Amino acid sequence: CFCELEGSINDCGCEVDTVDHFNNIKIYPRLKSLLVKNYFRFFKVNLNRDCPFWPDDSKCAMRFCQVENCEEQTIPPGLMEHGDNHPFMKPTAYKYSEAAQHADCSDADDFSSVLGIIDTSISDQAHKEFELWAKHDQAEEDFCIIDENDEGSQYVDLLLNPERYTGYKGESAHRVWKSIYLENCFGVQNRSNTFSEYLAQIDLHKMCLEQRAFYRIISGLHSSINIHLCSKYLLSETKDFLSPQGVWGHNIQEFKRRFSPETTNGEGPHWLRNLYFIYLVELKALAKAAPYLRRENFYTGIVEEDQETKMAINDLLSVVESFPNHFDENALFSHSPQGVRFKYEFKEKFRNISRIMDCVGCDKCKLWGKLQTQGLGTALKILYSEKLNIATESGLWEKPHIEIDPIFRLKRSEIVALFNAFGRLSNSIYEMENFRKSLR
Ligand code: FAD
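Model, not experiment: these values are computed from the prediction.

**Concerning the pairing of strand β3 (residues 42-45)**
Part 1 of the reasoning: The alternating pattern of β3 places Phe 42 and Lys 44 and Phe 43 and Val 45 on opposite faces, both of which are buried.
Part 2 of the reasoning: Across four bridges, the pairing between β3 and strand β4 (residues 154-157) is antiparallel. Within the sheet, the bridge partner assigned to Phe 42 lies in β4 and is Asp 157.

Printed below as a string of structure tokens:
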């Protein structure tokens, strides 16, 4: 069967089988119970921003495109009162070693205390300017545009709005996908008329590693979204007592149409393989951020649940760290001038992808599209943040020191997006197994 993938995942050197086993047995069940917790359930997002690239062409009229508003009383008290910026939402301070505690700047365990020290010696005006520069510096590290503090942002209950088939398709969907792939125009000229012609021009052999990685990441995300719509497909609109919203389930024909070699010019299995690539990228980001995430409070104001969330996170992170064959982020972006330029371009391109998400003509798709691109952006920020990767003379990046970095911060919405985005990929790999069984 075309979806029985074998061998190693390109540019990663890790076997598909290893990932399947690791994900389906160890990661997927843990994430499933973690992501229903209040901290991860509510995501702040602005679904009403104008598309910055072309006039909004179509608002999907399908009712499955609508996002259900969340009822205020369901939002946990901590989020309701303080939004995403409560002081408890900052990770607890890293405990410095004895020696470090006596060093001059050892108290700089979080950003506000850095500001506090400066406060005593400089004026308010200078303080504000410093804060602005610090924000600017932090934003420079971002691989995506974040809605969190945007005026039009609202909490959305992700459990009320599962990612599934919506009926969004045609020119609008193709324009968005094409624009996303076009961001990878390091070298590929767009002389094509149709999207398929454009994709046919892509020759991975002619691309350098960074370009290939970009393409594989996007293609893996595309596969994941399309696997979800195949696995939660509207099979029948007939409603009854047992299925008041119609009948939803796996659509094997749709999966075959989208991924079999016969209908995709031989490409489908490669697209499925790319799902494993992006999975390994996000898995590594979680492993690298584990020391930081262990200090996070996962604050919602519901004490018992917050403790449970913290325990579940610790358990998940230990499993993540135990993966034997992690993606090597150092393979990309050497310290050469070309590597540095690529990294800058990579970041700009991903930021543009998050802008393109404002052009998706179906609110439900936009919600999950934004969440997944933000999660991916957060993963890339963890892997490639300047603050965490000091280049050594040999040109390699030094070992990460995320746990002691005083400036590196992840916002609540970045953490929510990172875990949920990884949850989506994990779910897709799990669903692949279901499709395999049906197609055997
Ligand atoms: P598309 O998926 O639109 O793909 C267009 C072309 O890209 C294909 O013809 C093929 O040549 C190529 N291609 C396809 N897959 C890959 C891949 N993995 N790698 C490389 N190239 C590929 N629909 C829903 O029902 N639910 C959703 O939640 C949803 N979310 C979406 C989120 C975003 C951000 C976007 C842009 C679209 C979303 N859609 C969603 C729409 C869905 O992805 C498809 O665009 C739609 O179903 C039409 O499918 P299609 O067969 O025309 O091919």
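**Observations regarding the environment of Lys 349**
Part 1 of the reasoning: Position of Lys 349 among the secondary structure elements: in helix α13 (residues 337-356).
Part 2 of the reasoning: Judged by the 18 C-beta atoms lying within 10 Å of it, Lys 349 falls in the partly exposed class.
Part 3 of the reasoning: Between the alpha carbons of Lys 349 and Phe 214 there is a distance of 9.4 Å; along the sequence they are 135 residues apart.

**Re the nonpolar core**
Part 1 of the reasoning: Judged by nonpolar contacts, the single largest core of 93 residues is most densely connected at Ile 217, Tyr 279 and Leu 280.
Part 2 of the reasoning: By residue number, the principal contributor to this core is helix α11 (residues 268-294), which donates 14 residues.
Part 3 of the reasoning: Not counting the four nearest positions on each side in its chain, Tyr 279 is found in contact with Val 19, Leu 425 and Ile 429.

**Focus: the packing of α13 against helix α14 (residues 363-384)**
Part 1 of the reasoning: The contact between α13 and α14 brings their axes to 10 Å, and the two run at 160 degrees. Classified by the angle between their axes, α13 and α14 sit roughly antiparallel to one another. Along this stretch, α13 crosses α14, giving a crossing that reads as left-handed. Together, Lys 343, Phe 350, Ile 353 and Ser 354 of α13 and Thr 373, Gln 374, Gly 377, Leu 380 and Tyr 384 of α14 make up the contact between the two elements.
Part 2 of the reasoning: When grouped by side-chain class, the residues that make up the contact of α13 with α14 number four nonpolar, four polar and one charged.

**Things to note about the UniProt feature "binding site: FAD" (unreviewed entry) in the protein**
Part 1 of the reasoning: The feature "binding site: FAD" (unreviewed entry), as given by UniProt, occupies Arg 164, Thr 166, Trp 177, Ser 219, His 222 and Arg 258 in the numbering adopted here.
Part 2 of the reasoning: With 16 C-beta atoms packed within 10 Å, Arg 164 lands in the partly exposed category.
Part 3 of the reasoning: The residues touching Arg 164, leaving out its near neighbours within four places in the chain, are His 228, Leu 229, Lys 232 and Trp 248.

**Things to note about the site of the ligand**
Part 1 of the reasoning: The environment of the ligand is made up of 24 residues, and the closest members are Ala 173, Ser 219, Trp 271, Cys 365 and Gly 369.
Part 2 of the reasoning: Listed by contribution, the elements that provide at least two residues to the shell around the ligand are α7 (170-182), α8 (195-201), α9 (209-231) and α14.
Part 3 of the reasoning: Of the residues forming the shell around the ligand, the biggest block, six residues, is contributed by α9.
Part 4 of the reasoning: Residue composition of the shell around the ligand, by class: 13 nonpolar, eight polar and three charged.

Cut-off values and rules
Residues numbered from 1 in each chain as written. Predicted model: local features only at pLDDT ≥ 70, side-chain atom pairs only at ≥ 80, totals over all residues. Buried ≥ 20, exposed ≤ 12 C-beta atoms within 10 Å, placed from the backbone. Helix = DSSP H or I, 4+ residues; strand = E, 2+ residues; numbered from the N terminus. Pairing = 2+ DSSP bridges. Core = buried A, V, L, I, M, F, W, Y, C linked by C-beta atoms within 7 Å. Contact = placed C-beta atoms within 7 Å. Axes fitted to C-alpha atoms, helices over the stretch in contact; angles between N-to-C directions. Parallel < 35°, antiparallel > 145°, perpendicular 65-115°, else oblique. Left-handed = near helix turned anticlockwise from the far one by under 90°. Nonpolar A, V, L, I, M, F, W, Y, C, P; charged D, E, K, R; others polar. UniProt positions renumbered as here; feature names shortened; annotations may be inferred. Near = placed C-beta within 6 Å.

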